[in-house]
Amino acid sequence: MVHRGPAVVFDSEEEVRAFLLEREVKPGSVLVVRFEGPKGGPGMRELSIPAAMLVGMGLHTSVAMVTDGRFSGATRGPCVGHVCPEAWEGGPLAYVREGEEIEIDLERNLLNLHVPEEELAERMKTPPARPDHPAEGMLAAYRRSVGGAESGAVWL
């Protein structure tokens, strides 16, 4: 219910999956998977595979995951999804840096990046460095027009 640890930052589901397969995951870490929200994915990708990988590694109670993507109902452990506004739109996840402390307290509905407010405000003056998540045709139209997860990621 309560977790605090250093951020390990990824710009896609593919990056976090490769990390889980190839590198040592330190208990206490907070895996930040950004640019997977409605616009960033595009389509609000589900992070159930990385969450299941943590279960298989026995780390689902000692490693947290935070994303602007989504999770299924089968996800276990300290996983926070649907973070809004999403990184693609310049939400705070876009500005998290490797090693910064993140606190999750589910009892208090708290998700806190331990960076001074002035520092975060300064970072947010610059548009986020978006990764190459291609969207062509209908997906490009979707990305331009879809609303955030907080309003249901509706495309009208």
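Residues numbered from 1 in each chain as written. Predicted model: local features only at pLDDT ≥ 70, side-chain atom pairs only at ≥ 80, totals over all residues. Heavy atoms only, no water.

> I'd love a proper account of the confidence of the model for the protein, names of residues and values included.
Chain-level statistics for the protein give a pLDDT mean of 92 and a share of 100% at 70 or above. Mean pLDDT values for the elements of the protein range from 88 in strand β4 (residues 79-80) up to 97 in strand β2 (residues 30-33). (pLDDT = per-residue confidence, 0-100. Helix = DSSP H or I, 4+ residues; strand = E, 2+ residues; numbered from the N terminus.)

> Please give an account of the nonpolar core that cites residues and values.
Ranked by internal contacts, the top residues of the largest apolar core, which has 20 residues, are V32, V66, L93, V96 and I102. When residues of this core are traced back to their parent elements, those giving at least two are β1 (2-10), β2, β3 (64-67) and β5 (101-105). Those residues in contact with L93 that sit more than four places away from it in its chain are V32, R34, V66, T67, D68, V83 and A87. Judged by nonpolar contacts, the second largest core, of 17 residues, contains V8, V33, L54 and L59. (Core = buried A, V, L, I, M, F, W, Y, C linked by side-chain atoms within 4.5 Å. Buried < 20%, exposed > 50% of the residue type's maximum accessible area, 1.4 Å probe, protein only. Contact = heavy atoms within 4.5 Å.)

> How would you explain a nonpolar patch on the surface if you had to name every residue and give the values?
Taken together, the side chains of M1, V2 and L106 present a nonpolar region at the surface, about 310 Å² in accessible area. Relative to the assigned elements, M1 resides in the segment before β1. (Patch = residues over 30% accessible without salt bridge, like charges linked within 9 Å, V, L, I, M, F, W, Y side chains within 5 Å. Areas by Shrake-Rupley, 256 points an atom, 1.4 Å probe, with all protein chains shown as cover. Salt bridge = Lys/Arg side-chain N within 4 Å of Asp/Glu carboxyl O.)

> I'd like a description of the layout of surface pockets, backed by residues and values.
By rolling a water-sized probe across the atoms, one finds the places where empty space is left. The computed volume of the largest pocket comes to approximately 240 Å³. The wall of the largest pocket is formed by 14 residues, among which P92, L111, N112, L113 and L120 lie closest to the centre. Of all the secondary-structure elements, those providing two or more residues to the lining of the largest pocket are β6 (110-113) and α3 (117-123). No other element matches β6, which puts three residues into the lining of the largest pocket. (1 Å grid on protein atoms, 1.4 Å probe; cavity = no way out; pocket = protein on both sides within 12 Å on 5 of 7 lines; lining within 4 Å. Points joined across faces, edges and corners; volume = space filled by probe spheres on them.)

> Go over the side chain of D68 with me, naming the residues and quoting the values.
Mapping D68 onto the fold places it in the loop between β3 and β4. The buried charged residue D68 lacks any salt bridge, with R34 as its nearest oppositely charged partner at 7.8 Å. Reaching out from D68, the side chain makes a polar contact with the backbone nitrogen of F35 at a distance of 3.2 Å. A polar contact is formed between the side chain of D68 and the backbone nitrogen of E36, at a distance of 2.9 Å. (Lys, Arg positive; Asp, Glu negative; His and termini not counted. Polar contact = N/O pair within 3.5 Å; in protein donor to acceptor, adjacent residues only side chain to side chain.)

> Can you tell me about the sheet that holds β1, naming the residues and giving the values?
Spatially, the six strands line up as an open sheet ordered β4-β3-β2-β1-β5-β6, and their pairing is mixed. Taken across any chain shown, the strands that pair with only one partner, and hence form the sheet edges, are β4 and β6. With five bridges connecting them, β1 and β5 associate as antiparallel partners. Counted as the bridge partner of H3 is I104 from β5. (Pairing = 2+ DSSP bridges.)

> Describe the state of the cysteines, with residues and values.
One pass over the full model with this rule turns up zero disulfides. C79 forms no disulfide, and the closest cysteine sulfur to it belongs to C84, at a distance of 17 Å. Classification of C84 by relative accessible area gives partly exposed; the value is 31%. (Disulfide = S-S within 2.5 Å.)

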